[in-house]
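# Observations on the model geometry
Here is what each chain is made of, one letter per residue.
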Number of protein chains: 2
Amino acid sequence: MEISKSKISLINSLSIGKYRKVHSLFVAEGEKIVSEILQSKLRIKYLICDKNYKIPDLLQYIEIFSADNNTMKKLSNLKTQSQIIAVVETPKYELDYSNLLNGLTLCLDDIQDPGNLGTIIRICDWFGIENIICSENSVDLYNPKVIQATMGAFLRVNVFYKNLSEFIPEYKKITKNVCYGTFLKGKDIYKENLAEQALIVLGNEGNGISKSLEKIIDSKLFIPSFSKNEKHSESLNISMAAAITCSEFCRKSGPV
Amino acid sequence: MEISKSKISLINSLSIGKYRKVHSLFVAEGEKIVSEILQSKLRIKYLICDKNYKIPDLLQYIEIFSADNNTMKKLSNLKTQSQIIAVVETPKYELDYSNLLNGLTLCLDDIQDPGNLGTIIRICDWFGIENIICSENSVDLYNPKVIQATMGAFLRVNVFYKNLSEFIPEYKKITKNVCYGTFLKGKDIYKENLAEQALIVLGNEGNGISKSLEKIIDSKLFIPSFSKNEKHSESLNISMAAAITCSEFCRKSGPV
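Residues numbered from 1 in each chain as written. Chains lettered and ligands numbered in written order. Predicted model: local features only at pLDDT ≥ 70, side-chain atom pairs only at ≥ 80, totals over all residues. Heavy atoms only, no water.

## Some points on the state of the cysteines
Inspection of every chain in the model, using the stated rule, returns zero disulfides over all chains. You can see Cys250 of chain B has no disulfide; the closest cysteine sulfur is in Cys246 of chain B, sitting 6.3 Å from it. (Disulfide = S-S within 2.5 Å.)

See below:
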């Protein structure tokens, strides 16, 4: 069946966070992500496929609407439009502190760039970090650019939005784990004995970790530069810092 | 003086690699990068400033053209247009193998995404890696998106374009250093004794390192995943892999 005008405008509205909340829906594009969603716990409400797209048999139980090339272009959030777009129900899951007792948990203080959040979710997936806690004003997980940048990793990593001034003390009280944060000044991450069970806080792209959170962080870490050039970059991008920090926590050697 | 139509079309043409080569010019935008270029060895041919931009005294010896808001928008390659755009002469520098004897050198086999190249240049700047050798069909350093993503780090890291099938054997012969490469299968990077002087080859975003280069790489490394989920991401993004690899080579501990 051809897609209706009302559905087109609904799907377009899902590029805005407010409407994603109202409808409890989000959009994911492309064969790879859609096939991963099909194998996950998430529920696809319906699919929109290009008229020329050969619909695989395994999609027979899902409502499918067809759209011409031009409409697909309008619906797509990507530069090169997709042949298939899924409208997916936003899952509801509650944070259970007992899941945070073991292993590492990442905390993101006011992360703004969708590409960065997507990349960090992908890093967490790689390093077996199953839970990310974002501050409430961080970029929305279901922003199409975040979903795209995760390359499907959002299906394996839980992202929660919490007031971090409340969450961090609660986490420390319940788990008895250490809370680390990455700063531009602190203890050399390569020389520390890093805990295997811990919370790691990363800050905003421009401003780092906020002053109010800095006070409740137990251990300040920094990634030293190895440049001999005095004018070297002032900081690493937050995704880079996340990759190096997770690698360093996971490699499980003693300090250098 | 107001910018001329011919200059506008010249600057616009510089978003295309062919014209950057013809004119030996490239474009850099924004106060921060322009002020870093001013303090570098590069030569700014002229600047274009928004009509309302208060020109600092230190720019008095540079030819400056003014442009209205609309023109600045047309000239800008960024989403949020800049108040200042520099047209810069492409520097000519020759690869000197004696500079590659000590420390680490990065080799990029057919890197395509400008954001990735920019990010990797920034990582190299952080880790004190002064030279990157790209295969000849890699994305151009002077692509405006690369320049922007480096956040000025392109001023401190040299990028050369070479035929890698010729460069790598030559590098090994002259320096006697080891050549590493990152693969999806290989020796666990965390368990290897990594050399302090070495060449590290990273592959293309989709295809990794090409078959022909694989043969001349001495040691294949891989970054293991710590995920317990069988369906975890198949690979890390190349920038992430570069960040973790450089961190691991630089931290200078023994293996785990």
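From this point, the narrative continues.
## What to know about the environment of Ser219 of chain B
Residues and elements named next belong to chain B. Locating Ser219 in the fold gives a position in strand S10 (residues 219-222). The class for Ser219 is buried, based on a relative accessible area of 6%. Ser219 sits 40 residues away from Cys179 along the chain, and the two C-alpha atoms are 6.5 Å apart. Apart from residues lying up to four places away in sequence, Ser219 is in contact with Cys179, Tyr180, Gly181 and Lys187. (Helix = DSSP H or I, 4+ residues; strand = E, 2+ residues; numbered from the N terminus. Buried < 20%, exposed > 50% of the residue type's maximum accessible area, 1.4 Å probe, protein only. Contact = heavy atoms within 4.5 Å.)

## Quick look at the domain arrangement of chain A
Residues and elements named next belong to chain A. Domain annotation of chain A identifies domain 1 (5-89) and domain 2 (97-250). Taking only C-alpha atoms into account, the centre of domain 1 sits 31 Å from that of domain 2. Taken together, the contacts link 15 residues of domain 1 with eleven residues of domain 2. Our enumeration of links across domain 1 and domain 2 arrives at two salt bridges. Two residues, Arg20 and Asp140, come together in a salt bridge whose shortest N-O distance is 2.9 Å. Our enumeration of links across domain 1 and domain 2 arrives at four residue pairs in polar contact (both at pLDDT 80 or more). Only helix H2 (17-23), strand S1 (25-29) and helix H3 (31-38) provide two or more residues apiece to the side of domain 1 that touches domain 2. Residue composition of the side of domain 1 that touches domain 2, by class: seven nonpolar, four polar and four charged. (Domains from an automatic or database assignment. Salt bridge = Lys/Arg side-chain N within 4 Å of Asp/Glu carboxyl O. Polar contact = N/O pair within 3.5 Å; in protein donor to acceptor, adjacent residues only side chain to side chain. Nonpolar A, V, L, I, M, F, W, Y, C, P; charged D, E, K, R; others polar.)

## Notes on unusual backbone geometry
The phi dihedral of Lys176 of chain A falls on the positive side, at around 60 degrees, and the residue is not glycine. Note on placement: Lys176 of chain A falls in the loop between helix H7 (164-175) and strand S8 (178-188). The class of Lys176 of chain A is exposed, set by a relative accessible area of 68%. Notably, Ser24 of chain B is not glycine yet its phi reads approximately 50 degrees, a positive angle.

## Some thoughts on the packing of aromatic side chains
Given two aromatic rings, one states the distance between the centres and the angle between the planes to describe the pair. Taken as a whole and judged by the stated rule, the model has 18 aromatic pairs over all chains. Taken together, a centroid distance of 5.9 Å and an interplanar angle of 40 degrees make the contact between Phe167 of chain A and Tyr171 of chain A tilted. Taken as a pair, Phe167 of chain A and Tyr171 of chain A lie in helix H7 at a separation of four residues, close to a single helical turn. On the basis of an interplanar angle of 20 degrees and a centroid distance of 5.7 Å, the ring pair of Phe226 of chain A and Phe127 of chain B is categorised as stacked. Note that Phe226 of chain A is positioned in the loop between strand S10 (219-222) and helix H9 (238-250) and Phe127 of chain B in the loop between helix H5 (114-126) and strand S6 (131-135), a pairing that runs across two chains. The exposure class of Phe226 of chain A is partly exposed, given its relative accessible area of 27%. Every member of this aromatic cluster is reached through a ring pair, and the members are Phe26, Tyr142 and Phe154 of chain A. We note Lys220 of chain A situated over the ring of Phe183 of chain A; from NZ or CZ to the ring centre the distance is 5.1 Å. (Phe/Tyr/Trp six-rings, centres within 6.5 Å; stacked < 30°, edge-to-face > 60°. Lys NZ or Arg CZ within 6 Å of the ring centre and 35° of its normal.)

## Focus on the packing of H9 of chain A against helix H9 (residues 238-250) of chain B
For the pair H9 of chain A and H9 of chain B, the least separation of the axes is 9 Å and the interaxial angle reads 50 degrees. Between H9 of chain A and H9 of chain B, the interaxial angle falls into the category oblique. In this structure, the crossing between H9 of chain A and H9 of chain B has a hand that is right-handed. Of H9 of chain B, the residues touching H9 of chain A (which contributes Ser239, Met240, Ala243, Ile244, Ser247 and Glu248 of chain A) are Ser239, Met240, Ala243, Ile244, Ser247 and Glu248 of chain B. Residue composition of the contact of H9 of chain A with H9 of chain B, grouped by class: six nonpolar, four polar and two charged. (Axes fitted to C-alpha atoms, helices over the stretch in contact; angles between N-to-C directions. Parallel < 35°, antiparallel > 145°, perpendicular 65-115°, else oblique. Left-handed = near helix turned anticlockwise from the far one by under 90°.)

## Here's the deal with the nonpolar core
Among the nonpolar cores identified, the biggest contains 116 residues, and Leu47, Ile121 and Ile132 of chain A together with Leu47, Ile121 and Ile132 of chain B are the most heavily contacted of them. Not counting residues within four places of it along the chain, the set of residues in contact with Ile121 of chain A comprises Ile132, Leu141, Val146, Thr150, Ala153, Phe154, Val157 and Val159 of chain A. (Core = buried A, V, L, I, M, F, W, Y, C linked by side-chain atoms within 4.5 Å.)

## Notes on the interface of chain A and chain B
Every contact between the two is made by 39 residues of chain A and, on the other side, 39 residues of chain B. Here chain A and chain B share an interface that buries about 3500 Å² over both sides, 56% of which is from carbon and sulfur atoms. Contact with chain B buries surface across chain A, with Trp126, Phe226 and Arg251 of chain A losing the most and accounting together for 24% of the total. Viewed at the interface, chain B and chain A are joined by two salt bridges. Between Glu248 of chain A and Arg251 of chain B there is a salt bridge whose closest N-O contact spans 2.4 Å. (Buried area = accessible area lost by both parts, 1.4 Å probe.)

## Quick word on the pairing of strand S2 (residues 44-50) of chain B
Here is the key point about a regular strand: its side chains alternate between the two faces of the sheet. Residues and elements named next belong to chain B. Of all seven residues in S2, six are buried, a share of seventy percent or more. Pairing of S2 with strand S4 (residues 84-89), which is carried by five bridges, proceeds in the antiparallel orientation. By the bridge assignment for S4, Ile48 is matched with Ile85. Two elements, S2 and strand S3 (residues 64-67), share four bridges in a ladder whose sense is parallel. Residue Leu47 lies in a different strand from S3, and its bridge partner there is Ile64. (Pairing = 2+ DSSP bridges.)

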